[in-house]
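Results of the structural survey
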Amino acid sequence: MTNAVLIESLSKSFGKVQALKSIDLVIDEGQYVVLLGPSGSGKTTLLSILGGFLGPTSGRICLRGQDITGLPPAKRPTATVFQDYALFPHMSVRDNVAFGLRMRRMAKRQVDDAVDRMLELVGLGNFGDRKINQMSGGQRQRIALARALVIEPVVLLLDEPLGALDLHLRRRMQEEIHRLQRKIGSIFIHVTHDQEEAMSLADKVVVMRQGNVEDCGSPRRVYLHPATSFTATFMGSSNLLNGIITDIDDGQALVETALGHIKCATQQSVHKGTAAQVSLRPEHLRLMNGSAEPALVKGNVSDLVFHGTHMRLSVTPEGLDDMEITVTASADLDVEIGAFVELVADHTKATLLCS
Amino acid sequence: MSILDKSLVVAGAVYGSFFYLFIFSPVLVLVLFSFQDGTLPMPPFHGFTLKWYGEALADGNKMDALVNSVFVGVTSSLASCGLGFFAAYGLARFKLRFAEALAWLLIAPATLSYLIIAMGLLVFFGQVGMPRSLLTVIIGHIVINLPIAFAILYSQIGSSQVNLENAARDLGAKEWQVLALVVLPAMAPAFIAAFALCFSLSWDEFIIAFLLSQFDATLPVEIWTSVRSGLNPVINATGTIVFGLSLGLFLLTVSVIAARKVSKYD
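Everything numeric here is computed off the predicted structure, so don't read it as measured data.

What follows covers the overall build of chain B. Along the backbone of chain B there are 12 helices and 0 strands. In sequence order, the secondary structure elements of chain B are arranged as α-α-α-α-α-α-α-α-α-α-α-α. Here the C-alpha radius of gyration of chain B, 23 Å, is well above what a compact globule of 266 residues would show, namely 18 Å. For chain B, the spread of C-alpha atoms along the three principal axes comes to 70 × 70 × 30 Å. Split into buried and exposed, the 266 residues of chain B put 31% on the buried side.

Turning next to the sheet that holds strand β1 (residues 3-14) of chain A. Residue and element names in this part refer to chain A. If you walk across this open sheet you meet the 4 strands as β2-β1-β4-β5, and the pairing is antiparallel. This sheet does not close on itself; its edge strands, each paired only once, are β2 (17-28) and β5 (66-67). With 5 bridges joining them, β1 and strand β4 (residues 58-63) adopt antiparallel strand pairing. Bridged to L6 within β4 is C62. Running at roughly 65 degrees to β2, helix α1 (residues 43-51) makes contact with β1, β2 and β4 of the sheet.

In this section: the environment of L212 of chain B. All names here are of chain B. Residue position: L212 is located in helix α10 (residues 207-212). Residue L212 is classed as buried on the basis of its 25 C-beta neighbours within 10 Å. Sequence separation between L212 and G230 is 18 residues; the distance between their C-alpha atoms is 24 Å. The residues contacting L212, other than those within four sequence positions of it, are A118, L121, L122, R132, T136, V137 and G140.

Turning our eyes to something else, we now look at the pairing of strand β6 (residues 78-81) of chain A. Regular strands place side chains that alternate from one sheet face to the opposite one. Residues and elements named next belong to chain A. Where burial is concerned, the two faces of β6 agree: the one with T78 and T80 and the one with A79 and V81 are both buried. As defined by bridge partners, β6 adjoins strand β7 (residues 155-159) across 4 bridges and the pair is classed as parallel. Bridge pairing in β7 links A79 to L156.

Cut-offs and rules
Within each chain, residue numbers correspond to sequence positions counted from 1 in written order. Note on labels: chains are lettered from A, ligands numbered from 1, in written order. Totals for whole chains, interfaces and linings use every residue, but because this is a predicted model, local features are given only for residues with pLDDT of at least 70 and side-chain atom pairs only at 80 or more, for both listing and counting. Numbered from the N terminus, helices here are DSSP runs of H or I no shorter than four residues, and strands are runs of E no shorter than two. Radius of gyration here is computed from C-alpha atoms only, and the compact-globule reference equals 2.2 Å multiplied by the residue count raised to the power 0.38. A residue is called partly exposed when the number of other C-beta atoms within 10 Å of its own lies between 12 and 20, exposed at 12 or fewer, and buried at 20 or more, with C-beta atoms placed from the backbone. Strand pairing is assigned whenever DSSP identifies at least 2 bridges connecting the two strands. In this description, any two residues whose backbone-derived C-beta atoms lie within 7 Å of each other are considered to be in contact. Throughout, an axis means a line fitted to C-alpha atoms (over the contacting stretch in the case of helices), and angles, computed between N-to-C directions, take values from 0 to 180 degrees.

What follows is the structure in structure tokens.
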């Protein structure tokens, strides 16, 4: 019973366009799942199919062992928080939240109690009688959450729920939604293109691209050991180096790149002599100050961006004019564009990507 | 402020005054001479009296015409809004081939001359043997109002409306509940606007009402008949009543729409 949601070879085509190409996905009870991808990756299509607003071309969805593929939205134990919230403009906050329960013909007193509890939970206890157009963006977001959660769905679907909010409010609502999910314990499936949002919310990140699942796992695993070059660059930034595997030894592959040999951990079975790609995060490189280690990169700083907590330098390696290596450095480092620097890599963090 | 700036402000004020005077003087003259204490509704203004209003309200023909006009306006506007809504909803919700072309085709009659519409209907009703009556006038007014009601309602069934419907379905509403509890109430301002515009067009319309009616005249037709026998302050009084009703409807519509739009955040 831990596999609460089971998605099996789910496909969706719109005419000749394949929006989803045979998706398989397993979600456990109580998991916060984030579908992450650029626009056109199929993440919203997947969410619409889960909500019952679109039918799949093939494949099936099981929820707690029950096949729900053909059920209409009203019959599914799912509820959706829409991107534009879709609050009923002619109803009060309270009537919006009560809508789902009234459709279920629940007794008035029970409806009132449930609505009160839910409004309290999202911090809108005193706003029940307000009109929707008197509420701010963040408050509307909470009403939408309350309206969907009050019917106690097994799965809550959130379609870019924070997209319309400014950055500050977005981070705050992010924490609130996370707290809410922990408290309620139902499955949340959340669509976003914001990788920071994905990393801070998710128990499980599903990275999507062109209708495929590129990578799927805990944010930590996906960030530290991305499965593909797309994941490596979409979840944070990464230096991708092409090379050839020259040696394999005890789960470690030695890859010959333009910068020299890089040793990296690998879980997959790889063969000597094949082409490979190495991902090195900017924070896995550092500027060397007379260290004993041999430098991976020697070159001049070509660009410098200040980020507050750190600086990000672009370094063009000597003799490789069309390459740029990004590296993070301490914010108070005294360096200028054009300066000559040497970089050392933390080889244990380098990741070998399958092609 | 320089002298040039000052003179520009003065010139603007003068221009603005003439602008509004030009637009409103016909109405002002009509209203003013409805109170004329004399038999001719033209200068000089002799003094103030309400007796012409008394005569207008006592005139059976004019009062019948007033009731006819309200009846024609309300029924043709209701029918136009109903039919327009079904057309707009159908075109917006179901993926039809040539949906855009169909929408344009529905709006196209709005560009036709009322005279053409009236004559076409006259020929048609003659062919099918339908006598001219208030019913034929109502049908004529539906022909001119339907494109307008459709255009207003169609423009308000946007994609956010689709999400509202989906949200209602998601929360367990049946199709009739989606329509009755969400779609229609959410579109109430559009309905009010469409109804008010249709009603005022019908209220004001002369040619179709004239050509398609026989014994039951609407108010514009009745006024036209009176004017033929010469100017008379009673006509001014009737016209002022007509104008007052239009103005009331206009203010009501504006206030209803404004009340719904008051928001700190939109």
